[in-house]
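Descriptive analysis of the structure
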Amino acid sequence: MRPADDVAQPPTWRLEAARRVSMRDGRVALLRRLCAADAERLAAFFADLTPRETYYFFGLSEHEARNLAANAVEDSAYRLVAVDERQERLLGYTFLQWRHAGIPTFGVCVHREAQSLGLGRQLIDLLFTTAAASGVGRVALTVHPDNGPALRLYQQAGFRLVDEFINSHQGVKQYRMEADLKRERPLPLEGLAIVPIGGVGVGLAAAAVQQAVELRTGRLPLLLSMPPSGSAAIFVADLSLPSAHPIPVAK
């Protein structure tokens, strides 16, 4: 018998009930399945994304968002939303979807008014915990290397860089990352970042350095495009780059 995440039809999602969570600002959010009643809320959520957020998340049109919610019952994907306590506004959206046989694709987006409040982490925790309990083994995502907050969140959730490529839609480099939901999440190594500088291929070299440091210390230094202020960094550079590509310096 093949593992559940190797088949085209995903396992039944074992998400039984909604979960109430508190954000750092004291507000309460309700995490639950996407449903048909969310059609207008989901359309408003995507309509309110900034161009930068749409660039990173590949937003939906309002029509596409309404249809996605309207067909939620028949949809085999796992789609989890965070709504405010009165269920008037949608604050976050995350999903696992199977476009073909193989590892499901993961995505998450949090409204800017609810960012940096712990909501993204709580959405990911609930989605991945219930997915693992449902029989899902591995999940994958793509991310822009310059999306520092997302890279940090994903690596803390257990994602590792496995490939990098030029996105044909935008013509820019992206990382492909995977996470093993059965594996314990890594302990982060604070105060040290691994910073790749260069084109396609440098990220994988940096990931090898990241793994070597983890094997030596038992903790995972984060792979980032810029070292956080006050942190040490190991720069992994493509020496064939012209001098017009300076080493980034945290401000």
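Up top is the structure.
Here's what I pulled together on the structure shown here.

1. Focus: helix α6 (residues 202-217)
If you check α6, its first and last C-alpha atoms are 23 Å apart, about what 16 residues at 1.5 Å a residue would give, namely 22 Å. Three or more residues of α6 are buried, namely Val202, Gly203, Ala206, Ala207, Gln210, Val213 and Glu214. What you see down the axis of α6 is that its buried residues fit within an arc of 135 degrees, all on one side. Facing away from the buried side of α6 by more than 90 degrees, the exposed set consists of Leu215 and Arg216. Looking one or two places after α6, you find Gly218, whose phi comes out positive at around 80 degrees.

2. Quick look at helix α5 (residues 148-156)
Buried within α5 we find Ala150, Leu151, Tyr154, Gln155 and Gln156. Of the surrounding secondary structure, the elements contacted by the buried residues of α5 are β5 (105-110), α4 (119-134), β6 (138-143), β8 (173-180), α6 and β10 (220-223). One or two positions beyond α5, positive phi appears at Gly158, with a value near 110 degrees.

3. So, the environment of Glu113
Positionally, Glu113 belongs in the loop between β5 and α4. Since its relative accessible area comes to 46%, Glu113 is described here as partly exposed. Residues Glu113 and Leu91, spaced 22 residues apart in sequence, show a C-alpha to C-alpha distance of 7.9 Å. Each residue touching Glu113, except ones within four places of it in the same chain, is listed here: Arg27 and Arg89.

4. Here's the deal with the environment of Tyr55
For Tyr55, the position within the fold is in helix α2 (residues 51-57). You can call Tyr55 partly exposed: its relative accessible area is 31%. Taking C-alpha positions, Tyr55 is 8.7 Å from Gln170, a pair spaced 115 residues apart along the chain. Discounting residues that sit within four places of it in the chain, Tyr55 has contacts with His144, Gln170 and Val172.

5. Some remarks on the sheet that holds β10
Ordered in space as β10-β9-β11, the three strands form an open sheet in which the pairing is parallel. Single-partner strands in this sheet number two, and they are β10 and β11 (232-237). Taking each pair of neighbouring strands and ignoring which way they run, the sheet shows an average axis angle of 30 degrees. Here strand β9 (residues 188-197) pairs with β11 via six bridges, running parallel. Its bridge partner being in β11, Ile197 is matched across the sheet by Ala237.

6. Some remarks on the packing of aromatic side chains
Using the criterion set out here, one finds 14 aromatic pairs in the structure. Seen from their ring centres, Phe46 and Phe57 are 6.1 Å apart, and the 20 degrees between their planes marks the pair as stacked. Pair noted here: Phe46 is in helix α1 (residues 39-47) and Phe57 is in helix α2, with a separation of 11 residues, a long-range link. Among the aromatic residues, those joined into a cluster by ring pairs are Phe45, Phe46, Phe57, Tyr93 and Phe95.

7. Describing unusual backbone geometry
For Gln87, which is not a glycine, the phi torsion comes out positive at approximately 60 degrees. Counting through the fold element by element, Gln87 comes out in the loop between β3 (78-84) and β4 (90-97). The exposure class assigned to Gln87 is partly exposed, which follows from its relative accessible area of 32%. We note that Ser116 has phi near 60 degrees; this positive angle belongs to a residue other than glycine. Locating Ser116 in the fold gives a position in the loop between β5 and α4.

The rules behind these values
Residues numbered from 1 in each chain as written. Predicted model: local features only at pLDDT ≥ 70, side-chain atom pairs only at ≥ 80, totals over all residues. Heavy atoms only, no water. Helix = DSSP H or I, 4+ residues; strand = E, 2+ residues; numbered from the N terminus. Expected span 1.5 Å × (residues − 1). Buried < 20%, exposed > 50% of the residue type's maximum accessible area, 1.4 Å probe, protein only. Arc of directions from axis to C-beta. Contact = heavy atoms within 4.5 Å. Pairing = 2+ DSSP bridges. Axes fitted to C-alpha atoms, helices over the stretch in contact; angles between N-to-C directions. Phe/Tyr/Trp six-rings, centres within 6.5 Å; stacked < 30°, edge-to-face > 60°.

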